[in-house]
Amino acid sequence: MNDENKLIIYQVFTRLFGNNNNHCINNGSITENGCGKMADFTAKALGEIKKLGATHIWYTGIIEHATQTDYRRYNIQPNHPAIVKGKAGSPYAITDYYDVDPDLAKDVPERIREFENLVQRTHRSGLKVIIDFVPNHVARQYHSDSLPDGTSQLGANDNTDYAFSPYNNFYYIPQSELRGQFDMKGPASEPYKEFPAKATGNNRFDAYPNITDWYETVKLNYGVDYQNGGTRHFDPIPDTWTKMLDILLFWAGKDIDGFRCDMAEMVPVEFWEWAVPQVKAEYPSILFIAEVYNPNEYKNYLFRGKFDYLYDKVGLYDTLRAVMCGYESATAITRSWQSLGGIEKRMLNFLENHDEQRIASDFFASNPRKAIPALIVSACLNTNPMMIYFGQEFGELGMDSEGFSGRDGRTTIFDYWSVDTIRRWRNGGKFDGKMLTEDQKHLYGIYQRILTLCNEEKAISQGAFFDLMYANINGWRFNEHRQYTFLRQYERDLILIVVNFDHISADLAINIPSHAFDFLQIPQMDQYEATDLLSGKKENISLLPYKATEVSVEGYGGKILKIKL
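What you see is a predicted model; the values in this text were computed from it and never measured.

The rules behind the values
Residues numbered from 1 in each chain as written. Predicted model: local features only at pLDDT ≥ 70, side-chain atom pairs only at ≥ 80, totals over all residues. Heavy atoms only, no water. Helix = DSSP H or I, 4+ residues; strand = E, 2+ residues; numbered from the N terminus. Buried < 20%, exposed > 50% of the residue type's maximum accessible area, 1.4 Å probe, protein only. Pairing = 2+ DSSP bridges. Axes fitted to C-alpha atoms, helices over the stretch in contact; angles between N-to-C directions. Phe/Tyr/Trp six-rings, centres within 6.5 Å; stacked < 30°, edge-to-face > 60°.

A.B. asks: So what's going on with unusual backbone geometry? Which residues, and what values?
C.D. replies: Here the amide bond leading from Phe195 into Pro196 is cis, since omega sits at -15°, within 30 degrees of zero. For Pro196, the location among the structural elements is in the loop between β7 (172–173) and β8 (197–198). The linkage connecting Asp235 with the following residue, Pro236, adopts the cis geometry, with an omega of 5°. Of note, Pro236 is situated in the loop between β11 (231–232) and α5 (239–252). Despite not being glycine, Met263 shows a phi value in the positive range, around 45°. With respect to the helices and strands, the residue Met263 is situated in the loop between β12 (258–261) and α6 (269–282). In this structure Met263 comes out as buried when scored by relative accessible area, which is 13%.

A.B. asks: Describe in detail the pairing of strand β2 (residues 56–60), supporting the description with residues and values.
C.D. replies: With five of five residues buried, β2 lies mostly within the body of the structure. Burial along β2 is two-sided: the face carrying His56, Trp58 and Thr60 and the face carrying Ile57 and Tyr59 are both buried. Bridge count for strand β1 (residues 8–13) against β2 is five bridges, and the pairing is parallel. If you follow Tyr10 over to β2, its bridge partner there is Ile57. Across four bridges, β2 lies against strand β5 (residues 128–133) in parallel orientation.

A.B. asks: Account for the sheet that holds strand β24 (residues 557–564), naming residues and giving values.
C.D. replies: Strand order in the open sheet formed by six strands is β17-β18-β19-β24-β21-β22, with antiparallel pairing between adjacent strands. Among the strands making up the open sheet, the edge pair consists of β17 (464–467) and β22 (538–543). Across this sheet, the average inter-strand angle for adjacent strands is 30°, counted without regard to direction. Alignment of strand β19 (residues 493–500) against β24, held across eight bridges, turns out to be antiparallel. What sits directly across from Val498, in β24, is Lys559.

A.B. asks: Can you break down the packing of aromatic side chains residue by residue, with the values?
C.D. replies: Evaluated as defined, the whole model comprises 39 aromatic pairs. Between the aromatic rings of Phe133 and Trp272, the centroid separation amounts to 6.2 Å while the plane-to-plane angle is 85°, which identifies the pairing as edge-to-face. Within this pair, whereas Phe133 is found in strand β5, its partner Trp272 is found in helix α6, the two being separated by 139 residues in sequence. Exposure remark for Phe133: the relative accessible area of 1% places this residue in the buried category. On the basis of relative accessible area, Trp272 is assigned to the buried category, the value being 0%. Measuring from centroid to centroid gives 5.5 Å for Trp241 and Trp274, while their planes differ by 50°, and the two rings are tilted.

Next comes the structure, spelled out in structure tokens:
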């Protein structure tokens, strides 16, 4: 981990980024709707992403996954359409761990080289590269067409007479055919057949997965016998562990900078404890970020599993979403970070990603401006990483009905589609702003300012943090349910941050307790010149333990006041 810079991750759904089609049809094929390519990430595009304040780009959906598009002429085995979600397929139903999704290549036989060129272009732009690693499950018809020498297919040596064996790569339902509780035929002439049935990716150990299951995937076996009390069989090292380490080393060898590990907590922590140090021994600076949702396991996956960062979804994301929507008090933000018990700097903050609903959608806030106070909190609360999802910075609505993904407030990960705000921003690769609305440009300006501040100001990227909320409960001119305030400090730089989740502006009086002056070594002064780093405007404020500091904040706004001590 690099302690100098604060990580700002720009997550982009690779196949959607460069698609210029503004008249996509519901459930359209790649021929009808088109598909973005790795080549669309030109030096100009990457420069624009960096300009937003990004330090890393997470290219989502790089590894070859199940699709309904026919690539047989390139020796890629087709998938039965009944077990592919959407025409394009889920990027989390991997069909070949050693290959790149052919949809993303301009020249399909050159897809690995195109990816290597993308990595080089990204590095030349001053950005680092993160890709997905999907360790828990694979597509039902997994078949690697590009296995490196000396490695064998997943499941090739499995004994399918056993529901569980530590030597198997999959879990089976012996002597049973898969009888999915969903349409197993789809548009094909014959229904999908699987015998013996394999366990489904979301720990479904029978032959009857339904439409709410991850029915398009099968669970990988890391030596845990789930149906017999979860007994662990890790000695000798399970074959799946060795195969997955090979895959990690294969991609690390492509000069990438990090892995975002999908559903990492569904894989035993002992695997990560064994694998991560071996990858880092060869590639010391590579990052491992875990998608996790169980706070009871956080410390286990950080300290034993050796992850660098974990998703802060069930803590800060859920809290900020509730505060934004008016269901929760801003005092919950304090409870959220305190509940982490000292691992705050190891959490990845975000307000959007491919799994979650768009802020501007009718299902969330409906107005992207409502997210500004939450963005300031998320990005500036501590030194830990911040992530945004492409289009978030323009208020992308996510309200299309794309196909397999209905009108659900999310940008589809299953269909061939085009993202309206990104298409307008790119404007055919010119990035000249001519297609963007004034509102979109204004919102982008706020995002750019906040995200670039994160690394311009050492008080934010490296500094100390002090939560002021405890001194402002039942405040005379401070509503602790709709406002949140805290300090950041590095050497002689002090930053007072105040946000307002309310729609109306507020004239606030903020109490700064004596403990803050001692803890951050702030000289008491009746008058300091403060600069609002968001607007550039200067104002005079007092910093005294016995007198409230007066600050006015706009509705759905915030101030980041910098003071030289």
